[in-house]
Each structure stands twice: as C-alpha cells, then as structure tokens.
Amino acid sequence: MVENDRTIRGLLFDLDGVLYVDSQPIPGAVEAVAKIKAGGWICRFVTNTSTLSLATLERKIRALGFPVERSEIISAPQAVLRHLRATGLNAHLLLEDDVKADFAGIPQASMEDAEALVLGDTAAVWTHDCLDRMFNAIMRGAQLIAVHKNRFWQTGQGLRMDIGGLVAALEYCAGVRAWVMGKPSADFFAVALRDMGLPPEQAAIVGDDLEADIGGGQAAGLRGILVRTGKFRPSQLETGSVQPDRIIESIADLPGLLIDTPFP
C-alpha cells in the first residue's frame, strides 16, 4: 500500500456514470481503478442497477476492461435477496428476467398472493394497470420493497427518469414507506463496510449522485467524493444540502487525489 498520511483505506465505487456510461468507459477510468487497486486500497463496486444479474454485471464490467472480481461487486438486488432470505417472505418480482435468475431460491407468488412486492427497473411497471395492481396488493398487506429510489440516471442519449417517482407514488397512495434496499440506505452501506472489514471513517464513496451516493455515504459515516461525470449537474451543488468532502472532474483524477491530498 502506498504510504502517506491519509486515513482512507477502502473505496466504494458507483458504476454507471462513474466508471462508464452505457457501454463506454469514462476516459481514464480503467487505468485509474487498476492503479488504485495496485496501490493497496480495498475496493468494492456498488450499484443500484437492477436490470442485470450479478453474473451478467461482472461480465459487462470485465468486458469493458476493469480489473474487478464478482466478489467485489455489491448490487442492490443482492441486498433485496438477503432481506427476503432473512424474513422468509414469498415475493412477486417486478424485475427483468436476467435479474430474476438470482432469486431462484426465493418462494414466489402472484401479485395478488404475494407477501412482498419487489420493484426494480423493468418496463412492465410503467403502466397504470400494473401500478394499480401493486397499489391494491399493498393495501391488502403486501410489503413494498424497492431495489432503489433513484430519480434519474445518465445514458448515452441523455437523462432518463428512474423508478423513484413510481416508488413515491405508491408510498403516497397506499400510505406506506417502502423498504429501500440500495443506496442511500444505511443498511446497504453497512453491508459493503462489513464486506471490506473497515469502519466507516476509513472508507469513501465515489459517485455521481449527490443524494444517493454522497449523501447516503456521508450519513453512514463515509467520506464522499463526487465526480463531475454521469448524472452530475452543477445546479445540484447550488440547491442541494449535501456537500461532498471532495469534488473531482472524473475518476481519472482519483489516484492523484488519494496519494497527494490527505483527508482530515
């Protein structure tokens, strides 16, 4: 490990918008991750993405050239999986088929009979009929589990609305609070920290989402390093209450920051 007076020993990297956008790596990102890992920092790669299974996500990241192992990836659907195993609830999965493969051992039910509704990124939920059925299932007592509650994400064609608005609509109409499994959930960050074997004060989150990444990480005791790529918009810094510990242009600048700039 590179010796200096820093206190950061572990790093959580958001994926989409930080390492890549769609299937294009951020310039310098592959080299930056390789340099950081070679320097001895403990790395985990965390994502709210719920369209890809863990195996598919690993293949995508490695195909882009990143030196990442499956054991280093922590996704929001995996947090949902842990919750369902712990509670023993049967579930109706509103997820893409690829992700459903990770839930093979979970008892599943129709929406009308499910004890839990798992809401993730899938085109099937963007209809009034589906939302109305979900609303009625929740009113009958089904637990609403949201893989995440993101507002939007960055694609190669621009910003896209995310499922956070649908989660909020169901919460409002049914008068419930969803179990949100991904960032900014404190439980999600706790899972990552346990996996790294580090206390929160020795870790930092690197992300492009001021609320979910930086705000969620700071609330869990981590430092927050914001990148000006992906979904980052300058107006968020002007109007938001979250203040990152550091701001860099992109992940390509992270190795220099870690080596040259100690964190207080």
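See the structure shown above.
Description of the structure in this document. Bear in mind the structure is a predicted one, so any value in this text is a computation, not a measurement.

With respect to the helices and strands, the residue Gln-143 is situated in strand S8 (residues 143-146). Of the polar contacts made by the side chain of Gln-143, one reaches the side chain of His-83; its length is 2.9 Å. Once residues within four sequence positions are removed from consideration, Gln-143 is found in contact with His-83, Leu-89, Glu-115, Ala-116, Leu-117 and Trp-179.

This paragraph deals with the sheet that holds strand S11 (residues 179-180). Strand order in the open sheet formed by four strands is S6-S7-S8-S11, and the pairing between neighbours is parallel. A single partner strand is all that each edge strand has here, and the edge strands are strand S6 (91-94) and S11. When strand S7 (residues 116-119) meets S8, the two strands line up parallel, connected through four bridges. Bridged to Leu-117 within S8 is Leu-144. Relative to the sheet, helix H3 (residues 76-87) contacts S6, S7, S8 and S11, its axis offset from that of S8 by approximately 155 degrees.

With that settled, consider the environment of Arg-228. Tracing the chain through its elements places Arg-228 in the loop between strand S13 (223-227) and helix H9 (234-239). Here Arg-228 is in contact with Ile-247, Ile-248 and Glu-249, once residues within four sequence places are set aside.

Let us look at the packing of helix H5 (residues 128-139) against helix H6 (residues 164-174). Remark: H5 packs on H6, axes separated minimally by 10 Å, with the N-to-C direction vectors making an angle of 45 degrees. As summarised for this structure, H5 and H6 are arranged oblique, according to the angle between their axes. Between H5 and H6 lies a crossing whose hand is right-handed. Residues Leu-131, Met-134, Phe-135, Ile-138 and Met-139 of H5 form the contact with H6, whose own contacting residues are Leu-166, Leu-170, Cys-173 and Ala-174. Grouping the amino acids of the contact of H5 with H6 by side-chain chemistry returns nine nonpolar, no polar and no charged.

So, about H6. All buried positions along H6 are accounted for by Gly-164, Leu-166, Val-167, Leu-170, Glu-171 and Ala-174. On an axial view of H6, the arc spanned by its buried residues comes to 165 degrees, and they lie on one face. Residues of H6 that are exposed and point over 90 degrees away from its buried face: Tyr-172 and Cys-173. Contacts made by the buried residues of H6 are with S7, H5 and S8. With its phi angle positive at about 65 degrees, Gly-175 sits one or two positions after the end of H6.

The next point concerns the nonpolar core. One finds Leu-11, Phe-13, Leu-19, Phe-66, Ile-251 and Leu-254 to be the most contacted residues of the largest nonpolar core, which totals 32 residues. For this core, the leading source of residues is helix H1 (residues 29-38), giving four residues. Counting residues in each nonpolar core, the second largest holds 31 residues, with Val-147, Val-191, Ala-192 and Leu-193 among its members.

Conventions and cut-offs
- Residues numbered from 1 in each chain as written.
- Predicted model: local features only at pLDDT ≥ 70, side-chain atom pairs only at ≥ 80, totals over all residues.
- Heavy atoms only, no water.
- Helix = DSSP H or I, 4+ residues; strand = E, 2+ residues; numbered from the N terminus.
- Polar contact = N/O pair within 3.5 Å; in protein donor to acceptor, adjacent residues only side chain to side chain.
- Contact = heavy atoms within 4.5 Å.
- Pairing = 2+ DSSP bridges.
- Axes fitted to C-alpha atoms, helices over the stretch in contact; angles between N-to-C directions.
- Parallel < 35°, antiparallel > 145°, perpendicular 65-115°, else oblique.
- Left-handed = near helix turned anticlockwise from the far one by under 90°.
- Nonpolar A, V, L, I, M, F, W, Y, C, P; charged D, E, K, R; others polar.
- Buried < 20%, exposed > 50% of the residue type's maximum accessible area, 1.4 Å probe, protein only.
- Arc of directions from axis to C-beta.
- Core = buried A, V, L, I, M, F, W, Y, C linked by side-chain atoms within 4.5 Å.

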